[in-house]
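For reference, the chains in residue letters:
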Amino acid sequence: MDLTQRIKAGRAELKADLVIKGGKLVNVVSEEIYPADIAIYGDRIVATGKVDNYIGPKTEIIDAGGKYLCPGLIDGHLHVECSKLSITSFAKAVVPIGTTSIISGLDQILVVAGLQGAREFLDEAKAGPLKVFWGAPCKTPYTLPRSNVGHYFGPEEHRIAHTWPECIGIWETVREFVQELDPDALQALAIAEENRMPVFGCSPMARGTKLNSYLAAGVRLDHESYTADEMLEKLRNGMFVVIRESSISHFLQENLRLVTEMGISATRRISFCTDDVVAADILKRGHLDNMVRMAIAMGISPLTAIQMATINSAEAYRIDHLVGCIAPGRIADILIVDDLRQFRIERVVTNGKLVAANGKLTAPLNPPSRGAHLTKTFNVDPIEPSEIAVKGRGSGAQQPVLAMAVTPEQIFVRKRRDVTLPMQAGLVQADVSQDVQYITVVERYGRTRNRPTAFVSGFGLKSGALATSTAPDDNNIVCVGANAEDMAVAINHLIANNGGQVVVDKGKVVAFLPLPIGGLVADIEPAEMARIEEELDDAARALGCTLPWPFMYMFVLQITAIPDYAITDLGPIDCLALKVFDPVEAAF
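Residues numbered from 1 in each chain as written. Predicted model: local features only at pLDDT ≥ 70, side-chain atom pairs only at ≥ 80, totals over all residues. Heavy atoms only, no water.

In the annotation of an unreviewed UniProt entry, the protein chain is listed under the name Adenine deaminase and assigned to Dongia soli. We quote the UniProt Sequence similarities (unreviewed entry) comment for the protein chain here in full: "Belongs to the metallo-dependent hydrolases superfamily. Adenine deaminase family." Recorded in UniProt under Cofactor (unreviewed entry), the annotation for the protein chain is "Mn(2+)". (UniProt positions renumbered as here; feature names shortened; annotations may be inferred.)

Okay, structure coming up:
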């Protein structure tokens, strides 16, 4: 549809393709709710209110039956690949419950398959009901020091990416890159300024001078506040603040204290995101619709909660001329909702077409074919158990080491645990009696033979091993295990099957999820994904794992942007000093 047609449709010279009649429009701009009809031509809204003169003989009519008409929901920050669902499969999970747009960096497929991989994911989205607004990552990988990946995204790629119509800004500008004056990241920010692109942040626990320095780089918004006080400081310093409620990081109740307890009325600067979600959680709790319900349960008015999930996000990301409200010129993403407080989605219109009703898509949604550059992404030899080893110091029977301690309460924050482990033939042994396991990362792109081993505490494994090839920020293979033999079996199974997640015990695979697309995602029905996720978690718990989401707690161990410790293919990382450390030497 060209602009001339749209203008003519706006003055009713061209009749509407679709009209929604008999609803109550939730106007998130004027903050009103009132009876109104909606006329749609092509994928755009052309009129609201009384629209009888927009109806022609071929106009399709949807009777809203007095129910509420809300804008489609917008997830303000989402690593969609971390769901392990392809774009098509993810749309099947979230569109029927009201999410019609996501803002994503597609950073995980970028490090595996480069711009070609990101382009294919964006084209896949264009063919379906879920819109992907793309933020070009400030640089990839986000790790400090820089780990090894399949593709590096830097300034030259930014010059290409900023010409893509889906590109809306710079994504995930990790605070440490600004703090360390990383030349590639600073050049990306300069290119963004040239192209009038906004900059989206990632600054967990940034306060005081660290926050001021970060904001001086021109960062517009942030999705990483761990407390309401932190979020208030960012809001007072001019940021748009995005509240995260993921499958594993639950910050909505804490962050919304900003409004419910601290008296802040500037709610239009507050929006929602989920960051990392899995199918089992979406099917159980919901997605953005769940965040709306949670906010309402805390005492936020339904209209304000809906604003946080729609127009607020659109304005923060400067896409409100396209989405976020029901008004002429905007893309026709509309939800029909029976009760605003319960906020259960009855029907969903995206891009001007009815696509879902009663929690299900109205038509089949099929994924595209996948080429070898997405399905053959492993260039690594099998590993031997002897490679999973940490050399001790001296000839004693015991060795003090530094282990990374994981706790159920704080998934992203790994603290120091000093522990003394047994020695055997000069090698430090994992000790399940002290809840200390081996952890290794295997570089899978063929750039090195890096396979460092360190120690992790908190998984509770008594035997066996867990391994995953989807693991932000570099998606090398991560494996936690009680013994080297099972770890080698787990790692080699992923290599042989071009990726996935696996549980191994006593030399046998007991649960496996294939992730053949980039080693990250699969074209799988959400319910089937949830079933296999449950199988994997049950298998991990059978080995003694006590964490609520075993694989999510494991795959985030490569993230160096959050203190205190991480591990990449370079080795264990001190996230405060931003350097590799030796787990034995660090104990002294």
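What follows picks up the thread again.
(A) Spatial organisation of the nonpolar core. By size, the foremost hydrophobic cluster in this structure holds 163 residues, and its most contacted members are Phe-90, Trp-134 and Phe-459. Broken down by element, this core gets its largest block of residues, 10 residues, from helix α3 (residues 107-126). In this structure, Val-419, Val-442, Met-487 and Ile-491 belong to the second largest nonpolar core, which totals 30 residues. (Core = buried A, V, L, I, M, F, W, Y, C linked by side-chain atoms within 4.5 Å. Buried < 20%, exposed > 50% of the residue type's maximum accessible area, 1.4 Å probe, protein only. Helix = DSSP H or I, 4+ residues; strand = E, 2+ residues; numbered from the N terminus.)

(B) Geometry of the sheet that holds strand β28 (residues 571-574). With respect to topology, 3 strands assemble into an open sheet ordered β27-β28-β29, the strand pairing being antiparallel. With partners counted over all chains shown, the strands left at the sheet margins are β27 (565-568) and β29 (579-580), one partner each. Bridging between β27 and β28 involves 4 bridges; their strand directions are antiparallel. Note that in β28 the partner of Tyr-565 across the bridge is Asp-574. (Pairing = 2+ DSSP bridges.)

(C) Structural context of the pairing of strand β12 (residues 240-244). Along β12, 5 of the 5 residues are buried, which leaves the element largely enclosed by surrounding structure. Burial along β12 is two-sided: the face carrying Phe-240, Val-242 and Arg-244 and the face carrying Val-241 and Ile-243 are both buried. Bridge count between strand β11 (residues 219-222) and β12: 2 bridges; the pairing is parallel. Note that in β12 the partner of Asp-222 across the bridge is Val-241.

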